[in-house]
Amino acid sequence: DDGNDAPRTRAPRSPQAAALEKLYSAHALAGDVRALLEKLGITRLSICGHSLGALVGRVLAASAGADMPGGRKPLDVQWLFLMASAPVGRKNHVAQKLIPLFRDPLLSIDEQFVQVWQARVVARPAELPEWFRAAVQRESLKVPKAVWRASLEAMAADDHIALLAGVRARTRILLGSEDRLNPKVDAELLQSRLPAGTCELVEIAGVGCLPHWDEPEAVAAQLHKALL
């Protein structure tokens, strides 16, 4: 053990914190999405996910085709698009850096924190429309610190890479060339663990961790090219 496994070295958690982590795990969120799809009567779909959303998409895609209880139709995932998708949960370098930050009792999720966060994940934050930045800040400030931490802790607790062999959907990884949190070596590892011949890695120049913010037209073009 190299001592960097966050789930085994963390301080004792309260029952409330443990319950939150279960709610925000990729498997729990995938269950929520599946319940919504069943309610809407949707079984054939394509998925585009970013960061935690990409992990949720991977869980859904890996379960596609499996027999469902009660005679319900299995999911048929045609395409899986992944952005800012870390290949692993445990030992993930991004989680290892961020979790101690959110464990710090002195950290406040305030306007300054959200502004710094945006500046780190967007390649060209000054180019984002002011109305959009303001809207994102407002929504970010609504998220309690406990939820930020719970989602990160849950992300780091799972070995997500083990699921990749079960993904049968055609997959396209959209990588920002300026993404400092998810380097190309991670995207290549992710690609290598998916079934051979099913995944294409596309690097989008000049964008960071949020390609759909930096260059929404380029991301839309990749989806359009695949789906139509």
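Computed from a prediction, not measured in an experiment: that's the story for all the values here. (Residues numbered from 1 in each chain as written. Predicted model: local features only at pLDDT ≥ 70, side-chain atom pairs only at ≥ 80, totals over all residues. Heavy atoms only, no water.)

### Some remarks on the overall build of the protein chain
Logical step 1: A count of helical and extended segments in the protein chain gives eleven helices and four strands.
Logical step 2: Based on the C-alpha atoms only, the size of the protein chain along its principal axes is roughly 50 × 45 × 40 Å.
Logical step 3: The contacts in the protein chain between residues at least 6 apart in sequence include a share of 80% that link residues at least 24 apart. (Helix = DSSP H or I, 4+ residues; strand = E, 2+ residues; numbered from the N terminus. Contact = heavy atoms within 4.5 Å.)

### Re the sheet that holds strand β2 (residues 76–83)
Logical step 1: Strand order in the open sheet formed by four strands is β1-β2-β3-β4, and the pairing between neighbours is parallel. Edge positions in the open sheet fall to β1 (44–50) and β4 (199–204), since each of these has one partner strand only. Between one strand axis and the next, the sheet turns through 15° on average, direction left out of account.
Logical step 2: As paired elements, strand β3 (residues 170–176) and β4 share six bridges and run parallel to each other. Note on β4: the bridge partner recorded for L174 is V202.
Logical step 3: Contacting β1, β2, β3 and β4, helix α11 (residues 216–227) crosses the sheet at an angle of about 155° to β2. (Pairing = 2+ DSSP bridges. Axes fitted to C-alpha atoms, helices over the stretch in contact; angles between N-to-C directions.)

### A short note on the packing of helix α5 (residues 93–103) against helix α8 (residues 145–157)
Logical step 1: Packing of α5 against α8 brings their axes to within 10 Å, and their N-to-C directions diverge by 150°. In terms of their interaxial angle, α5 and α8 are classed as roughly antiparallel. For α5 against α8, the interelement crossing comes out left-handed. Contact with α5, carried on its side by A95, L98, I99, F102 and R103, involves K145, W148, R149, L152, E153 and A156 of α8 and no other residues of that element. (Parallel < 35°, antiparallel > 145°, perpendicular 65-115°, else oblique. Left-handed = near helix turned anticlockwise from the far one by under 90°.)

### Thoughts on empty space enclosed by the protein
Logical step 1: In total, this model carries one cavity of 30 Å³ or more according to the counting rule given.
Logical step 2: Approximately 60 Å³ is the volume attributed to the largest cavity.
Logical step 3: Looking at the largest cavity, the residues that line it are L82, M83, A84, S85, I173, L174, L175, N182, P183, A187 and L190.
Logical step 4: When contributions to the lining of the largest cavity are tallied by element, the ones reaching two or more residues are β2, β3 and α9 (184–193). (1 Å grid on protein atoms, 1.4 Å probe; cavity = no way out; pocket = protein on both sides within 12 Å on 5 of 7 lines; lining within 4 Å. Points joined across faces, edges and corners; volume = space filled by probe spheres on them.)

### Considerations on helix α3 (residues 26–40)
Logical step 1: In this model α3 runs 21 Å from its N-terminal to its C-terminal C-alpha over 15 residues, within 8% of the 21 Å that 1.5 Å per residue would give.
Logical step 2: Turning to α3, its buried residues are A26, L29, A30, R34 and L37. Angular distribution of buried residues about the axis of α3 spans 145°; they occupy a single face of the element.
Logical step 3: On the buried face of α3, the contacting elements are α2 (15–23), β1 and α4 (52–63).
Logical step 4: The positive-phi residue at the C-terminal boundary of α3 is G41, with phi of around 75°. (Expected span 1.5 Å × (residues − 1). Buried < 20%, exposed > 50% of the residue type's maximum accessible area, 1.4 Å probe, protein only. Arc of directions from axis to C-beta.)

### Points about the packing of helix α6 (residues 111–121) against helix α7 (residues 130–141)
Logical step 1: Packing of α6 against α7 leaves a shortest axis separation of 10 Å and a crossing angle of 120°. Between α6 and α7, the angle falls in the class oblique. Crossing handedness for the pair α6 and α7: right-handed. Residues E111, V114, Q115 and Q118 of α6 pack against R133, V136, Q137, S140 and L141 of α7.

### Quick notes on the nonpolar core
Logical step 1: Ranked by size, the top nonpolar core spans 40 residues in total, and within it L80, F102 and F113 carry the most contacts.
Logical step 2: Per element, the largest residue contribution to this core is seven residues, and it comes from α4.
Logical step 3: Leaving out residues up to four positions away in the same chain, F113 has contacts with L101, F102, L107, S108 and W148. (Core = buried A, V, L, I, M, F, W, Y, C linked by side-chain atoms within 4.5 Å.)

### Describing unusual backbone geometry
Logical step 1: Located in the positive-phi region is S51, a residue other than glycine, with phi close to 55°.
Logical step 2: Tracing the chain through its elements places S51 in the loop between β1 and α4.
Logical step 3: Positive phi, normally seen in glycine, also occurs at A84, with a value near 50°.
Logical step 4: Its place among the elements puts A84 in the loop between β2 and α5.

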